[in-house]
Amino acid sequence: MSRFEGIVISGASRGLGAALARSLAGPGVRMLLVARSAAALEAVAAACAARGARPRIAALDVRDAAALAAALADFEAEGPVDLVVANAGTSAGTGADGAPEAVAEAARQVEVNLLGALHLVGPLLPGMQARRRGTIGLIASVAAFRGLPDSPGYCASKAGLLAWGEALRAAHGAHGIRVSVICPGFFDSAMGDRFLGPKPLRMSLEDAAARTQLALIAGRGRAVFPAPLGWLLRLLALLPAGLGDRAVRLMRFRIRPEG
């Protein structure tokens, strides 16, 4: 059980979002679980209720700003939100034949991974500002540190999320709002299973969820794990452009399409 009493999590139907929901649930904890699949959300909500929480679900797409804002307002009318976790995400990449990533696929990743986080967090910021407390968790990625040739849209979306989160932290951290930008590497998940290539230092879903929860509870500004992979990508970003490009060309991979 955590110390949070009003929790909102997007991408809560599976993977890291579902694992976080289950671990953060506890007696009396109010939860709003957001994802597209109502059936999958119901299963996670049942697990949270079994731990004593009071979960609600919102089966919607985080790209739908108006629908999401309405669901958040309805939930916040019952009590304050002291933790929001923007976890909803998607990935794509270059084609199996090496064809460039489609512009529409790159745009979709930015819409879900970056704009979806803005749609989730934005409506809750005024309440946190008024109360001068609250925790915002943004699930970015070590891919935010350096653009990789086979996942340009994903890297761009996560780099934008990292920059936005750090800007929020600088703007509001002195006024009681804690912003934690979480940058995980590879861990067991449906999205990770679509990654066709080496997965160095891959960790279990449970380990990733535990590290994320600890970072949120401690209010860490940035959590990067596994640390060696994060440092590698940050160091590559510091190399002269040509050297960095040559290095990341050795990290070729493919991402199997969704569905």
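Chemist: What's the story with the packing of helix α1 (residues 15–24) against helix α2 (residues 38–50) in this structure? I'm lost.
Modeler: The angle between the axes and the distance between the axes are what describe a pair of packed helices. Relative orientation of the contacting elements α1 and α2 amounts to 20°, with a least axis distance of 8 Å. Put simply, α1 runs roughly parallel to α2. Of the two elements, α1 crosses α2, and the hand of that crossing is right-handed. Listed contacts from α2 to A18, A21 and R22 of α1 are V44, A47 and C48. Partitioned by chemical class, the residues of the contact of α1 with α2 number five nonpolar, no polar and one charged.

Chemist: Honestly, the pattern of salt bridges in this entry has me stumped. Any pointers?
Modeler: Two side chains that carry opposite charge are able to pair once their charged atoms sit near each other. Evaluation of the coordinates by the stated rule reveals 11 salt bridges. Residue E166 pairs with R222 through a salt bridge whose shortest N-O separation is 2.5 Å. Of this pair, E166 sits in helix α6 (residues 152–172) while R222 sits in strand β8 (residues 222–225), and the two are 56 residues apart along the sequence. On the accessibility criterion, E166 (22% relative accessible area) is partly exposed. Residue classification places R222 among the partly exposed positions, given a relative accessible area of 35%. It is possible to trace a salt-bridge network through shared partners that takes in R56, D74 and E78.

Chemist: It is not clear to me how a nonpolar patch on the surface should be interpreted in this structure. Could you clarify?
Modeler: On the surface, a cluster of nonpolar side chains totalling about 380 Å² of accessible area is made up of W231, L235 and L238. Topologically, W231 is positioned in helix α9 (residues 227–238).

Chemist: Even after reading the chapter, I still don't get empty space enclosed by the protein, so can you show me in this structure?
Modeler: Rolled over the atoms, a probe with the dimensions of a water molecule shows which regions are left empty. Here the structure, examined in full by the defined rule, presents one cavity of 30 Å³ or more. When its volume is computed, the largest cavity comes out at roughly 30 Å³. Ranked by residue count, the leading element in the lining of the largest cavity is helix α4 (residues 103–121), at four residues. Across the lining of the largest cavity, the residue classes tally to five nonpolar, four polar and no charged.

Chemist: Would you explain the nonpolar core in this entry?
Modeler: Generally speaking, nonpolar side chains in soluble globular proteins are found buried as a group. If you look at the biggest cluster of nonpolar residues, it comprises 47 residues, and the most contacted ones within it are V8, V84 and I136. If we skip the residues at most four places from it in the chain, I136 touches V84, V121, L125, M128, I177, R178, V179 and S180. By size, the runner-up hydrophobic cluster in this structure holds 33 residues, among which are A12, L24, V29 and L205.

Chemist: For this particular structure, what's the right way to read α6?
Modeler: The periodicity of an α-helix, 3.6 residues per turn, causes residues three or four positions apart to be oriented the same way. Its 21 residues give α6 an end-to-end C-alpha distance of 30 Å, which sits within 8% of 30 Å, the value for a rise of 1.5 Å per residue. For α6, every residue scored as buried is listed here: G153, Y154, C155, S157, K158, L161, L162, G165, L168 and H172. Elements in contact with the buried residues of α6: α4, α5 (125–131), β5 (134–139), β6 (177–184) and α7 (190–193).

Chemist: For this particular structure, what's the right way to read the sheet that holds strand β3 (residues 54–59)?
Modeler: The strands making up a sheet associate through backbone hydrogen bonding, with each pair oriented either parallel or antiparallel. Read across the sheet, seven strands follow the order β3-β2-β1-β4-β5-β6-β8 without closing on themselves; strand pairing throughout is parallel. Edge positions in the sheet fall to β3 and β8, since each of these pairs with one other strand and no more. Pairs of neighbouring strands in the sheet enclose a mean axial angle of 15°, with direction left out of account. Pairing between strand β4 (residues 83–86) and β5: four bridges, direction parallel. Looking at the pairing, V84 lines up with I136 of β5. In this fold α2 packs onto β2 (30–35) and β3, with an angle of close to 170° to the strand it touches most, β3.

Here is what the cut-offs are and how they apply
- Along each chain, residues carry numbers from 1 onward, in the same order as the chain's sequence is written.
- In view of the model being predicted, local features appear only for residues whose pLDDT reaches at least 70, and side-chain atom pairs are presented and counted only at 80 or more, with totals across whole chains, interfaces and linings using the full set of residues.
- To obtain the side-chain values, all non-hydrogen atoms of the structure were included, while hydrogens and water were left out.
- Orientation is described by lines fitted to C-alpha atoms, with helices fitted over the stretch in contact, and by angles between N-to-C directions that extend from 0 to 180 degrees.
- Put simply, DSSP H or I for four residues or longer makes a helix, DSSP E for two residues or longer makes a strand, and each gets a number counted from the N terminus.
- Angular relationships are summarised with four words: roughly parallel below 35 degrees, roughly antiparallel beyond 145, roughly perpendicular across 65 to 115, and oblique for the angles in between.
- Working rule for handedness: look at the near helix, and if it is turned counterclockwise from the far one by less than a right angle, call the crossing left-handed; if clockwise, right-handed.
- Any pair of residues with heavy atoms lying within 4.5 Å of one another is described as a contacting pair.
- Each residue receives one of three labels: charged for Asp, Glu, Lys and Arg, nonpolar for Ala, Val, Leu, Ile, Met, Phe, Trp, Tyr, Cys and Pro, and polar for the others, Gly being one of them.
- Salt bridge, as used here: a side-chain nitrogen of Lys or Arg that lies within 4 Å of a carboxyl oxygen of Asp or Glu.
- The cut-offs for exposure are 20% and 50% of the maximum accessible area for each residue type, with area from a 1.4 Å probe on protein chains only; residues under the lower value are buried, those over the upper are exposed, and the others partly exposed.
- Grouping into patches uses exposed residues only, defined as over 30% relative accessible area, and leaves out salt-bridged ones; the cut-off is 9 Å for like charges and 5 Å for nonpolar side chains (Val, Leu, Ile, Met, Phe, Trp, Tyr).
- A 1.4 Å probe and the Shrake-Rupley method give the accessible areas. Residues count as covered only by the protein chains that appear here.
- We place a 1 Å grid over just the protein atoms. Points where a 1.4 Å probe fits but has no way out form a cavity, open points with protein on both sides within 12 Å along at least 5 of 7 lines form a pocket, and any residue with an atom within 4 Å of a point lines it.
- Grid points are joined across faces, edges and corners, and a volume is the space filled by probe spheres set on the points.
- For this analysis, a nonpolar core means a set of buried residues of the types Ala, Val, Leu, Ile, Met, Phe, Trp, Tyr and Cys, connected via side-chain atoms within 4.5 Å.
- A helix's residues, less one, multiplied by 1.5 Å, set its expected span.
- Only when DSSP finds a minimum of two bridges between them are two strands counted as paired.

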